[in-house]
Amino acid sequence: GSASTYFWLTYAGGKMTVIASDGADVEPVDVDRFIIGIAETYDVIVTIPADSTAFEFLATSEDRTRSASVWLGKGIKQLAMPLGALKYFAGMKMMNGMMKMNGDLDDMGMNMSLQQMDMNVVMYPEITGETKSKKERKGVKVKKVKEGMKAMEEKEEKKAGEHDGHMGMDHGSGDMGSMYKSNAMSDIVTLNYAMLRSPTSTALPQGPVTELRFELTGNMNRYLWAIDNKTVSETDRILIRKGENVRIILYNNSMMRHPMHLHGHFFRVVNGQGDHAPLKNVLDIMPMETDTIEFAATETGDWFFHCHILYHMMSGMGRVFTYDGTAPNPALPDAKKAARIFARDDKEWHFMVQNDFATNGNDGEAMYMNKRWNLQSEWRLGYMPEHGQEVETHFGRYLGKMQWLFVNVGLDWRTREGHEGGAPQDNLFGQVNTKNSRSVGHIGFQYTLPMLLVLDLRIDTDGQLRSQLMREDIPLTPRLRLDLMGNSDLEYMGRFRYVLDKTWALSTHYDSDMGLGVGVMVSY
């Protein structure tokens, strides 16, 4: 029911009985709630008591900012328990502790699969309690962890031997991940894939097996999503053969969940149910999980396998499976052109601009970029000659999975007249400062440091070195932001912005060249 939003589903009338997923039957399982990924479907049975009451079936967006309802039955309306606001700071603290600087996740030895451990559980007040004082939070956390581990031990002892342990079924009771198993920490029963079992055999036919391993990767800073750090347009199609069985092992090395969808096929979710593994065509894989799916190659042609979050798919998180020996599709007379159109999405260029119309000058930047390349221009235009005018333009490529490094070439033009103390000075590198007059080309790089500080280091065609350290968008409150900049030419800037909406902000800033000013900032 959405392009980019997950929904929690709950019912005021009691348990929901899940009987099918993605159109394929499963043995009935009773739950209090479940989350539905983009493109997933579930069939559920609910009970409407025979009295004059209407019960709310509630769908709440994953971020819990909005919800939608349908009322089942007639009479007095019985509300479902609303889901409390997420504890974002707890979630951010957890995520920061698990992500390495190279973008990899530190799983700390946890064996995660099939939605059994939800790292977001630290944000769920209905599981971990409402936000309390620091001392109380610490006590609640310790208590919850102990209770969770104790309950997990009891459950695991009870279930020992019930599963075949295939593909990472977690039978350990003392691992660090026990604290993230919400079903062990609460009486609220949350559906996960390990609970799904097909009523009939889903064993694959005899045949050769092709095994593929994919790592789901993402860049939360620039919002690039890929598989093995390569997008659809950067990879070849994957050749498979009719009559073989394809096994795909997926590891989610990103801090977002991904509903991976395979066109044209049902796949088995290997979940410890042996020959009764459930059939699905969408697998929601959570951060740090490793899951395995299998399908029989019974078709012909090309089939898309991709994340179904729209903006992840459009940025290139997908692959194309191609059956060997497939005849040309008569509906596509120009197959090469069709392939170019298909691969065009993740190559698209996007424009953005930001400008501060202030009393002391005009200050802004514009960028035209795609997933790897960026053309950016910055300007600082004073109203008075002594304020000066400056324009810098860079063109370059982002390198690495996290794209912390931006290697670029560019042009730098600067003029300033009649400024007090305008006599030549040395910069921090001991060279004559050219901030009053400059017209050069340059080569250099920008590198994102911890705390999102951006280091800009370059050398120009006159042999001058220049460095700059900048941090933008420091959140002081939900709406108040701080920008800071200083460089080796002894220039500096500080700006406060009060964000009104995604387009408009009020600003005040001090610039070493242009002085103090107030204004309005526009972002597009």
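Residues numbered from 1 in each chain as written. Predicted model: local features only at pLDDT ≥ 70, side-chain atom pairs only at ≥ 80, totals over all residues. Heavy atoms only, no water.

## Thoughts on the sheet that holds strand β16 (residues 282–285)
Now for step 1: One open sheet holds the five strands; their spatial order is β11-β19-β18-β13-β16, and the pairing between them is mixed. The two strands at the open ends of the sheet, each matched to only one other strand, are β11 (238–240) and β16. For this sheet the average axis-to-axis angle between neighbouring strands, irrespective of direction, equals 20°.
Now for step 2: As defined by bridge partners, strand β13 (residues 258–262) adjoins β16 across four bridges and the pair is classed as antiparallel. By the bridge assignment, M260 is partnered in β16 with L283. (Pairing = 2+ DSSP bridges. Helix = DSSP H or I, 4+ residues; strand = E, 2+ residues; numbered from the N terminus. Axes fitted to C-alpha atoms, helices over the stretch in contact; angles between N-to-C directions.)

## With respect to unusual backbone geometry
Now for step 1: Positive phi is not limited to glycine here, since D228 has a value of about 55°.
Now for step 2: Taking relative accessible area as the criterion, D228 reaches 36% and is therefore assigned partly exposed.
Now for step 3: Its identity as a non-glycine residue notwithstanding, L452 has a phi of 60°, on the positive side.
Now for step 4: As for its placement among the helices and strands, L452 is situated in the loop between β25 (437–448) and β26 (454–460). (Buried < 20%, exposed > 50% of the residue type's maximum accessible area, 1.4 Å probe, protein only.)

## Re the nonpolar core
Now for step 1: Core analysis: the largest hydrophobic core is formed by 66 residues, its most contacted members being F214, L250, M260 and F321.
Now for step 2: Residues in contact with L250, not counting those within four places in the same chain, are F214, L216, M260, L283, I285, E289, T290, D291 and F305. (Core = buried A, V, L, I, M, F, W, Y, C linked by side-chain atoms within 4.5 Å. Contact = heavy atoms within 4.5 Å.)

## Concerning the pairing of strand β3 (residues 24–31)
For a regular strand, side chains alternate in direction, first toward one face of the sheet and then toward the other.
Now for step 1: The pairing of strand β2 (residues 16–21) with β3 spans five bridges and is antiparallel. The residue of β3 that forms the bridge with M16 is V31.
Now for step 2: Between β2 and β3, which pair antiparallel in sequence order, lie two residues; one of them, D22, sits at a positive phi of approximately 55°.

## Re the packing of aromatic side chains
Now for step 1: One pass over the structure, following the stated rule, counts 15 aromatic pairs.
Now for step 2: Centre to centre, the rings of Y11 and F55 are 6.2 Å apart; their planes meet at 55°, and the pair counts as tilted. With Y11 in strand β1 (residues 7–11) and F55 in strand β6 (residues 53–61), this residue pair connects regions lying 44 residues apart in the sequence. A single burial state applies to Y11 and to F55, both of which are buried.
Now for step 3: Each residue in the set F214, F295, F305 and F321 is aromatic and connected to the rest through ring pairs, giving one cluster.
Now for step 4: The ring of Y124 is capped by R33, whose NZ or CZ atom sits 5.5 Å from the centre of that ring.
Now for step 5: Above the plane of the ring of Y398 lies R222, whose end atom (NZ or CZ) is 3.8 Å from the centre. (Phe/Tyr/Trp six-rings, centres within 6.5 Å; stacked < 30°, edge-to-face > 60°. Lys NZ or Arg CZ within 6 Å of the ring centre and 35° of its normal.)

These figures come from the coordinates and say nothing about function on their own.
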